[in-house]
Amino acid sequence: MSPSEEISCIIGGAQAIEVLHPLRLEILRLAREPVSATELSGQLGLSRQRVNYHVRRLARSGFLQRAGRRRRRNMVEQRYVASAGSFVLSPELLGAVGADWRRIEDTASAGYLLALGCQMESDLVRIWRQTQKTGARDATVSLKAQFRFESAEQRERFTRALQEAVVRVVTEHTSPNLRPDGSAAAGRPWRLVLGCYPYEPPRPSG
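Residues numbered from 1 in each chain as written. Predicted model: local features only at pLDDT ≥ 70, side-chain atom pairs only at ≥ 80, totals over all residues. Heavy atoms only, no water.

Quick look at the nonpolar core
Logical step 1: One finds Ile 27, Leu 28, Leu 40, Val 55, Leu 58, Phe 63 and Leu 64 to be the most contacted residues of the largest nonpolar core, which totals 17 residues.
Logical step 2: It is helix α2 (residues 22–30) that provides the largest number of residues to this core, a total of 4 residues.
Logical step 3: In this view, Phe 63 contacts Ile 10, Gln 15, Glu 18, Val 19, Leu 28, Leu 58, Val 81, Ala 82, Ser 83 and Phe 87; residues no more than four positions away in its chain are not counted. (Core = buried A, V, L, I, M, F, W, Y, C linked by side-chain atoms within 4.5 Å. Buried < 20%, exposed > 50% of the residue type's maximum accessible area, 1.4 Å probe, protein only. Helix = DSSP H or I, 4+ residues; strand = E, 2+ residues; numbered from the N terminus. Contact = heavy atoms within 4.5 Å.)

Points about the packing of aromatic side chains
Logical step 1: Using the criterion set out here, one finds 4 aromatic pairs in the structure.
Logical step 2: Look at Phe 63 and Phe 87: their rings are 5.4 Å apart centre to centre, the planes differ by 70 degrees, and that puts the pair in the edge-to-face class. Separated by 24 residues along the polypeptide, Phe 63 in the loop between α4 (48–60) and β3 (64–72) and Phe 87 in strand β5 (residues 84–89) bring together distant segments of the chain.
Logical step 3: Residue class for Phe 63 comes out buried when judged on its relative accessible area of 2%.
Logical step 4: Following the ring pairs from residue to residue traces out a cluster consisting of Phe 147, Phe 149 and Phe 158. (Phe/Tyr/Trp six-rings, centres within 6.5 Å; stacked < 30°, edge-to-face > 60°.)

Overview of the side chain of Thr 131
Logical step 1: On the secondary structure map, Thr 131 appears in helix α5 (residues 110–134).
Logical step 2: The contacts of Thr 131, once residues within four sequence positions are left out, are Ala 136, Arg 137 and Asp 138.

Describing α4
Logical step 1: With 13 residues, α4 extends 18 Å from end C-alpha to end C-alpha; this agrees with the ideal 18 Å at 1.5 Å per step.
Logical step 2: Here the buried face of α4 lies against α2, α3 (37–44), β3 and β4 (75–82).
Logical step 3: Residue Gly 62 follows α4 closely and has a positive phi angle near 90 degrees. (Expected span 1.5 Å × (residues − 1).)

A look at the pattern of salt bridges
Logical step 1: By the definition in use, this model includes 12 salt bridges.
Logical step 2: The shortest N-O distance in the salt bridge between Arg 24 and Glu 18 comes to 3.5 Å.
Logical step 3: Owing to a relative accessible area of 6%, Arg 24 belongs among the buried residues under this scheme.
Logical step 4: For Arg 126, the salt bridge identified is with Asp 123, shortest N-O distance 2.5 Å. (Salt bridge = Lys/Arg side-chain N within 4 Å of Asp/Glu carboxyl O.)

What about α3?
The α-helix advances 3.6 residues per turn, and as a result positions three or four apart in sequence lie on the same side.
Logical step 1: Among all positions of α3, only Ala 37, Thr 38, Glu 39, Leu 40 and Ser 41 are buried.
Logical step 2: For α3, the elements touching its buried residues are α2, β2 (35–36), α4, β3 and β4.
Logical step 3: Backbone geometry just after α3 places Gly 45 at a positive phi near 70 degrees.

Have a look at this one:
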């Protein structure tokens, strides 16, 4: 038995409090395959009573689900598996103090891109919630690429070319978002967010 969902979104403050505990996060990592509290205690080097307490809390909050039983000596152990392969905290948990791209003036800053990312994540969490209710799957479009710039001039040429290409594709292949009077136009609205940023590749361990 494996997790029932690939990903699950945490949208409630109480749920976030339940899961944001170092030991519970480690239990969820180990519970990607069915495991009992006894097995977890051995892997974690902690008492079964301590581990079982956190397992019960995670099960009550929906992060763990029952995954059958097995006999071990003279006992029958309940096994659990994580309810999802991975979890996401909704940016909306922060409410009014969350990142808002409209409050950031420097559109070339990392903060602005982070805020746009939070906006995109909030939008996708709402879509995810709707699919949980209806079972219908919404299509999305994603693009990922990795490359390098050898100079600032090369980066600037790329930026200009990318902006021009995006404007052309949007103009040729989509409908206007608003009518002349400012009201919403026909069709379902979509949002496009493109971000390019420097990153540090993970260093080999060992």
